[in-house]
Amino acid sequence: MNTDLLSREADNISLLLGLLTEDDFYIRYYTLQILTVLLTNSPNRLQEAILIIPRGITRLMDMLMDREVIRNEALLLLTYLTREAEEIQKIVVFEGAFEKIFSIIKEEGGSDGGVVVQDCLELLNNLLRNNTSNQILLRETVGFDPLITILKLRGSTYRFTQQKTISLLSALETIKLLITGGGSQTDASKDSVDRLNNKTVLVQKKLLDCLLVLGIESQWAPVTVRCSALRCIGDIIAGHPKNLDAISNKHLGEEPHVEPALNSILRLILRTSSAQEFVAADYVFKRFCEKNVEGQTMLASTLIPQPHPMTHTQLEEDVKLSFGSMLLRGLTLSENEGDLETCSRAASVLSHLLGDNIHCKDKVVKIELDAPAQSFGGSELLLHRIVKYLAVSSSVSYKDGKGSNSGSLYIQPLILKLLVTWLADCPSAVSCLLDSRPHLTYLLELVSHPSANVYVKGLAATVLGECVLYNNASDGGRDPFSIVDAISQKVGLTSFFLKFDDMQRSCVFSASKSVRHSTPLVRSNSASVVEIEEIDQNDPGDHKYEDHPILLSTFDAEFVDLIRKLEADIRESIVEIYSNPKSKVAVVPAELDQKAGENEAHYIKRLKLFLESQCTEIQDLLGRNAALAEDLAMKGGGNNLQPQKSIAGSERVQFETLKRDLEEASQRLDILKAENVELESKASMYKNLAAKTESDLKSLSDAYNSLEQVNIQLEKEVKSLKSSGSSLAVDIEEIKAEAREEAQTECETELNDLLVCLGQEQSKVEKLSARLLELGEDVDQLLEGIGDDSGQQEGDDDDDDED
């Protein structure tokens, strides 16, 4: 209340600022203390009052050049004044704040100085935070050299007091502010250009060397400093091609133990006992591999298995290993619990190498490892070894119903994250995983394991879904339909989709939705930031899952987005498979073809049996699909759907099912109608052909009768000629014999042709009769009356002859 009464009048604040020009030391000192207390109790009103007072901020800035005690009080006052007042920040910078801040830091001894250095860096961070124009002004006026000088360690032995640690953390926070940019919402492209310029200049000023010393080589440095330095390395190389090349070409150590910086960071990942340090080092590889296809390919090209085991390699030999050899060794140490933890950490690095890079995924799928000593088999694929270690980690994690140590909390999630990343959009990896039948069985058991946490079940369900989504196999047991069928029988679709929902409702998964901003380092929280709290393994609740740094880093925003995209595609793919099971198969079954030498009756019988089995299978599938469709409709796309939407979804599924069944029945009916019309047409054709054949027979019979009559007439003429004269008897007999022989030959030829035609027509009539009987037609009725006309005509002819 007193602060409000005093600061209500701007003249009171003007009077206090005027006292800063007095020569008396104590007047200036107590005036600064009064202003600091007023600012602490009523910051907004005091900021507004100081802004409207002419040369108000200028008088405060002049105090920075005063005696040490006055200067320190002025630093505190300006720190409070510039925390959230952008206009005051600009005026302070215009009054030469950068030069004065770095001058005080140098005077105090840099990072080895006291709390004054911390106050200067806090003021500097207030001026740069979310302020692009101030960042540009710092880069183009004072430059980044004074800031980088603070991070350089001096002397042969380094002593890290608590105050020095806080000062280094404050300087690293300044670097982070420059790397992440001013956060301008109005001009994102300009802010992006400023960030790139800051990164370029910082690396040109050899900042990367200082960060590598702090993060990797200074193992005596506090963990918080090492972690902050590693995160700065990750941020400074992200999305910057030149800086990516710079980190790739950096080497650490002294002769003869010189090695690439990336190898040193990988060794830190595999060996550190601090979870926070592993997360920070892993962050470097994550940012290195993001949208860096060349870098991923370069690292993946070194993945060459060693010809002999390197489990107990000495440090001297370890330094000589390539990046890929060291990573493979970490992935394939042994099945001990400690080695499984190392394997999971190496799996996290490998997941970054494979992310969004199909070429690297296909290359790593082909990597073969030497089989273990107790195995008599041949080589083993890397993917199979990783799945094997995932299975072994289950027995470790679920022993006595709970994890035995901190590693068991994240071993399986990290390995499963690798599998999810590896299988995404990579059919060759899916095929490799399914080559071993126990892999599918194990994943199904892991999804429904009662002791597994929601993250493990959700990630295992995602891997199974990818085996459906990116599966191009056609053989039974490995095709998408078989995988979905196995999920339905072993887990159940409702339970399967619930695993996604449970994972998305978890605290770790939902925490990635919001960007995790680090708390600014100020005097009030500096002591707590220096010490990193370790996870309490005896905590019986789920808080150790929610706050575990490795789990939080595993479910980062990019991986969560991938899971959500995969979940939507998996749901759609499974519904499509069960809605149209094998409907796109266009190959005609071999059972529909008639075999060589198979008669019609046996062929028709076999077709009937095949159709009956197909109908039985279709009925079984329809029944199962109806239940699954209802199951999916009740479940819908997740628990966010309202009940009425679920009912609508069920009705829609039933409508689509009935519509599809009706269309199939209609198509089958049209096919049967077309076959019936074709058979009737053939029957009519064969009837006409039979009638024509009988007509031809009648004509041949008439011709034969006429020949007989001619023969009889000729015989009469011969007899008459014999009686007329014996001289002509020999000639007549010869003529008669020739005529008879010619007529007989002609008749026999015509009869043979007629018999052949009759045989062919009889075979056709028999086949036609059998087909008509199969279709249910009365053959006798169809053939009735065909021969009556001819018979009637023959009778008429006989009557005529008698007449």
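Looking at an unreviewed UniProt entry, the protein chain carries the name Golgin candidate 6, with the source organism given as Kalanchoe fedtschenkoi. Under the heading Subcellular location (unreviewed entry), UniProt records this for the protein chain: "Golgi apparatus".

Visitor: Help me understand the overall build of the protein chain, please; the structure alone is not making it clear to me.
Guide: Each helix and strand in the protein chain was counted, giving 40 helices and four strands. Counting the 803 residues in the protein chain, one finds 44% classified as buried. As displayed, the protein chain offers around 42,000 Å² of accessible surface, 52% of which is attributable to carbon and sulfur atoms.

Visitor: Sorry, what's going on with the packing of helix H19 (residues 293-300) against helix H23 (residues 358-365) here?
Guide: Geometry of a packed helix pair, given as the angle between the helix axes and the separation of the axes. The N-to-C vectors of H19 and H23 enclose an angle of 10°; their axes lie 9 Å apart at closest approach. As judged from the angle between their axes, H19 and H23 are roughly parallel. Counting all contacts with H19, which are made through Gln296, Thr297 and Ala300, the residues of H23 involved are His359, Cys360 and Lys363. Of the residues assigned to the contact of H19 with H23, the class counts are two nonpolar, three polar and one charged.

Visitor: How should I be thinking about a negative patch on the surface in this particular structure?
Guide: Together, Glu734, Glu738, Glu741, Glu742, Glu746, Glu750 and Asp753 line one region of the surface with negative charge. With respect to the helices and strands, the residue glutamate 734 is situated in helix H38 (residues 729-774).

Visitor: Whenever I open this one, helix H10 (residues 132-140) confuses me. Can you help?
Guide: One full turn of an α-helix is made of 3.6 residues, so residues set three or four places apart face in the same direction. Among the residues of H10, those classed as buried are Thr132, Asn134, Gln135, Ile136, Leu138 and Arg139. On its buried face, H10 sits against helix H7 (86-94), helix H8 (97-108), helix H9 (115-128), helix H12 (162-180) and helix H13 (188-204).

Visitor: Help me understand a nonpolar patch on the surface, please; the structure alone is not making it clear to me.
Guide: Taken together, the side chains of Leu51, Ile52 and Ile91 make up a nonpolar region of the molecular surface, amounting to roughly 260 Å² of accessible area. Along the chain, isoleucine 91 turns up in helix H7.

Visitor: Looking at this model, I keep getting lost on empty space enclosed by the protein. Mind explaining?
Guide: Empty pockets left among the atoms are what a rolling probe the size of a water molecule brings to light. Counted according to the given criterion, the structure contains three cavities of 30 Å³ or more. Computed from the structure, the second largest cavity encloses a volume of approximately 40 Å³. Taken together, Phe278, Asp282, Ser348, Leu414, Lys417, Ile550, Ser553 and Thr554 make up the lining of the second largest cavity. Those elements that provide at least two residues to the lining of the second largest cavity are helix H18 (275-289), helix H25 (407-423) and helix H34 (549-554). Examining the composition of the lining of the second largest cavity, we find that three residues originate from one element, H34, more than from any other. Split into classes, the residues belonging to the lining of the second largest cavity amount to three nonpolar, three polar and two charged.

Visitor: How should unusual backbone geometry be read in this particular structure?
Guide: Keep in mind that most residues, glycine aside, have a negative phi and that most peptide bonds are trans. Residue arginine 55 is not a glycine yet carries a positive backbone phi of 55°. Tracing the backbone through its elements, the reader meets arginine 55 in the loop between helix H4 (43-52) and helix H5 (56-62). Classification of arginine 55 as exposed rests on a relative accessible area of 52%. In this structure, lysine 291 is a non-glycine residue whose phi angle is positive, near 55°. Looking at the element boundaries, lysine 291 is found in the loop between H18 and H19.

Rules of the game
- Residues numbered from 1 in each chain as written.
- Predicted model: local features only at pLDDT ≥ 70, side-chain atom pairs only at ≥ 80, totals over all residues.
- Heavy atoms only, no water.
- UniProt positions renumbered as here; feature names shortened; annotations may be inferred.
- Helix = DSSP H or I, 4+ residues; strand = E, 2+ residues; numbered from the N terminus.
- Buried < 20%, exposed > 50% of the residue type's maximum accessible area, 1.4 Å probe, protein only.
- Areas by Shrake-Rupley, 256 points an atom, 1.4 Å probe, with all protein chains shown as cover.
- Axes fitted to C-alpha atoms, helices over the stretch in contact; angles between N-to-C directions.
- Parallel < 35°, antiparallel > 145°, perpendicular 65-115°, else oblique.
- Contact = heavy atoms within 4.5 Å.
- Nonpolar A, V, L, I, M, F, W, Y, C, P; charged D, E, K, R; others polar.
- Patch = residues over 30% accessible without salt bridge, like charges linked within 9 Å, V, L, I, M, F, W, Y side chains within 5 Å.
- Salt bridge = Lys/Arg side-chain N within 4 Å of Asp/Glu carboxyl O.
- Lys, Arg positive; Asp, Glu negative; His and termini not counted.
- Charge placed at Lys NZ, Arg CZ, Asp CG, Glu CD.
- 1 Å grid on protein atoms, 1.4 Å probe; cavity = no way out; pocket = protein on both sides within 12 Å on 5 of 7 lines; lining within 4 Å.
- Points joined across faces, edges and corners; volume = space filled by probe spheres on them.

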